[in-house]
Amino acid sequence: MADFKTLDDLDLDGKVVVTRIDINVPVEDGRVTDTTRIDKVAPTILKILEKGGKPVLLAHFGRPKGQPNPDTSLRITVPALEAALAKTVTFAERPDRSSIDAAPADAVILVENTRFTAMEEANDPQMAGFLASLGDVYCNDAFSAAHRAHASTEGIARLLPACAGLLMEAELKALDKALGNPVAPVLAVVGGAKVSSKIDLLKNLVSKVDALAIGGGMANTFLAARGYSVGKSLCEHDLTDTAKEIEANAKAAGCDILLPMDVVVAKDFAANAEHRTCGLDEVADNEMILDAGPQTVAILASALDVANTLVWNGPLGAFELTPFDKATVQAAQAAGTRCKAGGLTAVAGGGDTVAALNHAGVAQDFTHISTAGGAFLEWMEGKPLPGVEALKGK
Ligand code: AMP
């Protein structure tokens, strides 16, 4: 397990705790339309208060591109934060240590968008120093921003006693169980549109897991590399050598590659398009593969039955279009059932995965669903996450 401190390890009594959170929530007509991220980080803020600390919250919001911009002011999140905490939140456009010290001991202070200056994304030492000067302790609860080495996620962590918040801690523990120190056999399921966006991820997984099931559009590139004709399917023909290389790496590492054995094809990329299930060598030139077939799902279910650990990213078909959601839904349900029965640790995340598992109605059955997007994918690629690295050994 990564060597980092948690809120329980540090004395926060009477300390100002500079806390990086992710409240980059969707907004419409001047109102926050989904408070999930705010609700999820509330326990960390409340725990800091409970331990006698004064939280000073840092976050980014939207894409102000290094310039102050009223359209991306964090002020808009204050009512939702106050509702989640059942407390008044003070908004600080220009924070300084003396006003923070002058605020009541149990105040919660939200600092304006960290990305209103280009120094944030440049991880400028001056900016990191300024943010560190606002408090005594640093807490990072923004796993979803941990793949970025910014002043508020990385630079500051090097300057103050630092720890992970509750969300970050939960995420790191779950990820460690999935790929860091998993119980074998480990099955990875990777789907989605294209191989090109997941080359590093696939290369990392074949060296780490016992079996890798590849589905979705990206499986077509692997099928083409094996010599099958995929008609007018989404397929990156220029990447067939990469697919072959990944298969060869898998073989050398003792990782079984599971590709579709049967497929659902249609002539149009549309919901309820006329379709049929066929073998791999039966795809006509004017057809496209939009989902895996029932035999493939059965093989995947058997692989799930023997796995102790599952890591999942990406849908197995064009799941937004019925009935091409079937393989994704059935495989997700098989995983959910095994998780509920206690036999499987299942971690999923990245891109459309959360939407796909919600669509299958099994998100709550999985051990952990990461909503971190880019950070989750970089973790699956085996890349060190700067925001996490900076917490280590502190
Ligand atoms: P990604 O963001 O790479 O995880 O890709 C997710 C997208 O891949 C979803 O929008 C799916 O509809 C799409 N997808 C999955 N399988 C296929 C397929 N066989 N053909 C076309 N698109 C697909």
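Here the structure is a predicted model, which is why all the values come from computation and not from measurement.

Here is what the cut-offs are and how they apply
Residues numbered from 1 in each chain as written. Predicted model: local features only at pLDDT ≥ 70, side-chain atom pairs only at ≥ 80, totals over all residues. Heavy atoms only, no water. Helix = DSSP H or I, 4+ residues; strand = E, 2+ residues; numbered from the N terminus. Rg over C-alpha atoms; globule rule 2.2 N^0.38 Å. Buried < 20%, exposed > 50% of the residue type's maximum accessible area, 1.4 Å probe, protein only. Contact = heavy atoms within 4.5 Å. Near = heavy atom within 4 Å. Polar contact = N/O pair within 3.5 Å; in protein donor to acceptor, adjacent residues only side chain to side chain. Pairing = 2+ DSSP bridges. Axes fitted to C-alpha atoms, helices over the stretch in contact; angles between N-to-C directions. Salt bridge = Lys/Arg side-chain N within 4 Å of Asp/Glu carboxyl O. Domains from an automatic or database assignment. Buried area = accessible area lost by both parts, 1.4 Å probe. Nonpolar A, V, L, I, M, F, W, Y, C, P; charged D, E, K, R; others polar. Core = buried A, V, L, I, M, F, W, Y, C linked by side-chain atoms within 4.5 Å.

### Quick look at the overall build of the protein
Piece 1. Broken down by element type, the protein carries 15 helices and 17 strands.
Piece 2. Relative to the compact-globule value of 21 Å for 394 residues, the protein shows a C-alpha radius of gyration of 23 Å, a close match.
Piece 3. Taken along the three principal axes of its C-alpha coordinates, the protein extends 75 × 45 × 40 Å.
Piece 4. Here the protein holds 394 residues, and the buried ones make up 56% of them.
Piece 5. For the protein, restricting intrachain contacts to residue pairs at least 6 apart in sequence, the fraction spanning at least 24 positions comes to 73%.

### Here we look at the site of the ligand
Piece 1. The local shell around the ligand holds 14 residues, among which A193, G217, I289, G317 and E320 are the closest.
Piece 2. At 3.1 Å from an oxygen atom of the ligand is found a side-chain nitrogen or oxygen belonging to K198.
Piece 3. I289 has a polar backbone atom sitting 3.0 Å from a nitrogen atom of the ligand.
Piece 4. Elements supplying a minimum of two residues to the shell around the ligand: α9 (216-225) and β14 (288-292).

### Considerations on the sheet that holds strand β10 (residues 211-214)
Piece 1. The six strands are arranged β11-β10-β9-β15-β16-β17 in an open sheet whose pairing can be described as parallel. Strands at the two margins of the open sheet, each flanked by one partner only, are β11 (256-258) and β17 (368-370). For this sheet, the mean angle separating the axes of adjacent strands, direction not counted, is 15°.
Piece 2. Judged from the three bridges that link them, β10 and β11 form a sheet pairing that is parallel. Considered in β11, the bridge of L212 is made with I257.

### Considerations on α9
In an α-helix, one full turn covers 3.6 residues, which means residues spaced three or four apart are oriented alike.
Piece 1. Judged by how many residues are buried, α9 sits mostly within the fold: ten of ten residues are covered.
Piece 2. Residues of α9 that are buried include every one of G216, G217, M218, A219, N220, T221, F222, L223, A224 and A225, and no others.
Piece 3. Where α9 is buried, its residues contact β9 (186-190), α8 (199-206), β10, α10 (240-253) and β14.
Piece 4. Residue G227 follows α9 closely and has a positive phi angle near 100°.

### What about the pattern of salt bridges?
Piece 1. Under the counting rule described, the total for this entry stands at 18 salt bridges.
Piece 2. Between D8 and K47 there is a salt bridge, with the nearest N and O atoms lying 2.8 Å from each other. Of this pair, D8 sits in the segment before β1 (16-20) while K47 sits in helix α1 (residues 36-50), and the two are 39 residues apart along the sequence.
Piece 3. Owing to a relative accessible area of 52%, D8 belongs among the exposed residues under this scheme.
Piece 4. Among the residues examined, K47 registers a relative accessible area of 19% and is labelled buried.
Piece 5. A salt bridge links R115 to E121; its shortest N-O distance comes to 3.9 Å.

### Topic: the side chain of S144
Piece 1. Along the chain, S144 turns up in the loop between β7 (137-140) and α6 (151-155).
Piece 2. Residue contacts for S144: discarding those within four places in its chain leaves D22, R37, A372 and A375.

### Here we look at the domain arrangement of the protein
Interface extent is often summarised as the accessible area lost during association of the parts.
Piece 1. Taken as a whole, the protein is organised into domain 1 (7-167) and domain 2 (182-380).
Piece 2. With four residues of domain 1 at the interface, the matching set in domain 2 holds seven residues.
Piece 3. Summed over both partners, the interface of domain 1 with domain 2 buries about 480 Å², with 61% contributed by carbon and sulfur atoms.
Piece 4. The three residues of domain 1 that bury the most area against domain 2 are F143, S144 and H147, which together make up 77% of that side's buried surface.
Piece 5. Summed over the shared surface of domain 1 and domain 2, the number is zero salt bridges.
Piece 6. Tallied by class, the residues present in the side of domain 1 that touches domain 2 amount to one nonpolar, two polar and one charged.

### Overview of the pairing of strand β12 (residues 262-266)
Piece 1. With five of five residues buried, β12 is to be regarded as a mostly interior element.
Piece 2. Burial along β12 is two-sided: D262, V264 and A266 facing one way and V263 and V265 facing the other are all buried.
Piece 3. Where β12 lies against β14, four bridges are found, and the strand directions are antiparallel. In the sheet register, V263 faces β14, and the bridge partner there is A292.

### Digging into the nonpolar core
Piece 1. Ranked by size, the top nonpolar core spans 74 residues in total, and within it F143, L205, L212 and W379 carry the most contacts.
Piece 2. In contact with L205, not counting residues within four places along its chain, are L179, A188, V190, L212 and M380.
Piece 3. Counting residues in hydrophobic clusters, the runner-up holds 28 residues, among them V297, A303, A332 and C339.

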